[in-house]
Amino acid sequence: MGPEFSWEALVRDGEVLFANTTAKETTPPPYFVELSHRCGHRFDDPATAAAVERLTRGVLGAIGMRTGLVHLEFKVGPRGPVLMETAVRTPGDYLPDAIGLTFGFDLYEAVVKLSLGLPVGDLPSGDPTAWAATYFPTSAPGTITRITGVEESEDHPAVVRVRLRKGPGDVVRPLTSSSQRMGHVLVCAHSPSEREDALKFVRETLRVEVSPA
């Protein structure tokens, strides 16, 4: 057991044209509901980075992936990375938005061009140009009585958008699935530290008050 990550890659004729690693924050066992995604992750340990490289390329070969977008999830434990799941599709949780902000290109457009056999141009191949993340607010179970801090969060310079699916009067149930989350916040900062500052600000500012069930 270890921290969770995902790997998103654009592939053409079996060649990886672009790749991103996303670091994830989840709830504890047994549900592991995803609470945040930080794009542009780099592993500090060269051995771990090399092992992840072997895993991801090995999975591509095993599934016969040729052209398109692949989304692969894995955990990194004491014995290295372990595959959780993989899918040849667009990832959820607004990851394409965050990846596009992190590397400065339109991931959706690149996927469409790959699908149509069109040239995709020069895709990013170096370090991120910005540092984006998606965050999913939570609260204790109960009936929502008030939500505060939305406008303050939206006014933060690193916050791209705040979208909530629940409001006063809605019921919040114990968090056992990503479908039960109440919305998301997309942030984009100039550095990893500024990204952490923005996420901390949103966590402390955006408050959901509930009356116990």
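Refer to the structure printed above.
Residues numbered from 1 in each chain as written. Predicted model: local features only at pLDDT ≥ 70, side-chain atom pairs only at ≥ 80, totals over all residues. Heavy atoms only, no water.

Some words on the packing of aromatic side chains
The relation between two aromatic rings is expressed through the spacing of the ring centres and the mutual angle of the planes.
Point 1. Counted by the stated rule, this structure contains 4 aromatic pairs.
Point 2. Between Phe 18 and Phe 103, the aromatic rings sit 5.1 Å apart at their centres with planes inclined by 85 degrees, giving edge-to-face as the arrangement. Here the residue Phe 18 occupies a position in strand 2 (residues 15-26), and Phe 103 occupies one in helix 2 (residues 95-103), the gap between them amounting to 85 residues.
Point 3. On the basis of relative accessibility, which here comes to 4%, the residue Phe 18 falls in the buried class.
Point 4. For Phe 103, a relative accessible area of 6% translates into the label buried.
Point 5. Summarising the aromatic geometry, the rings of Phe 18 and Phe 105 are spaced 5.0 Å apart at their centres and angled 65 degrees between planes, so their arrangement reads as edge-to-face. With Phe 18 in strand 2 and Phe 105 in the loop between helix 2 and helix 3 (107-116), this pair connects stretches of sequence that are 87 residues apart. Exposure class is identical for Phe 18 and Phe 105. Each is buried.
Point 6. Put simply, the rings of Phe 5, Phe 43 and Phe 74 touch in pairs and so form one group of aromatic residues.
Point 7. Over the ring of Phe 32 we find Lys 75, and its NZ or CZ is 4.4 Å from the ring centre.
Point 8. Cation over ring: Arg 181 sits above Phe 136, and NZ or CZ is 3.8 Å from the ring centre. (Phe/Tyr/Trp six-rings, centres within 6.5 Å; stacked < 30°, edge-to-face > 60°. Helix = DSSP H or I, 4+ residues; strand = E, 2+ residues; numbered from the N terminus. Buried < 20%, exposed > 50% of the residue type's maximum accessible area, 1.4 Å probe, protein only. Lys NZ or Arg CZ within 6 Å of the ring centre and 35° of its normal.)

Quick look at the sheet that holds strand 3 (residues 34-38)
Point 1. The 8 strands are arranged 5-4-1-2-3-6-10-8 in an open sheet whose pairing can be described as antiparallel. Of all the strands in the sheet, just strand 5 (80-87) and strand 8 (159-164) have a single pairing partner and so form its edges. Pairwise comparison of adjacent strand axes, ignoring direction, gives a mean angle of 20 degrees for this sheet.
Point 2. Looking at chain direction, strand 6 (residues 131-135) and strand 10 (residues 183-189) are connected through 5 bridges and run antiparallel. Pairing of Ala 133 across the sheet is with Val 187, part of strand 10.
Point 3. Here helix 2 sits on the sheet in contact with strand 1 (4-12), strand 2, strand 3, strand 4 (68-77), strand 6, strand 8 and strand 10, set at roughly 115 degrees to strand 2. (Pairing = 2+ DSSP bridges. Axes fitted to C-alpha atoms, helices over the stretch in contact; angles between N-to-C directions. Contact = heavy atoms within 4.5 Å.)

Observations regarding the environment of Thr 56
Point 1. Summarising the element assignment, Thr 56 is placed in helix 1 (residues 46-63).
Point 2. Spatially, the C-alpha atom of Thr 56 lies 9.6 Å from that of Glu 8, the residues being 48 residues apart in sequence.
Point 3. Among the polar contacts made by the side chain of Thr 56, one reaches the main-chain carbonyl oxygen of Glu 53 at a distance of 3.1 Å. (Polar contact = N/O pair within 3.5 Å; in protein donor to acceptor, adjacent residues only side chain to side chain.)

What to know about the pairing of strand 3
Point 1. With 5 of its 5 residues buried, strand 3 lies for the most part within the structure.
Point 2. Two strands pair when backbone bridges link them, and strand 2 and strand 3 are joined in this way by 4 bridges, in the antiparallel orientation. Residue Ala 23 lies in a different strand from strand 3, and its bridge partner there is Arg 38.
Point 3. Note that strand 3 and strand 6 share 3 bridges and pair antiparallel. Note on strand 6: the bridge partner recorded for Arg 38 is Ala 133.

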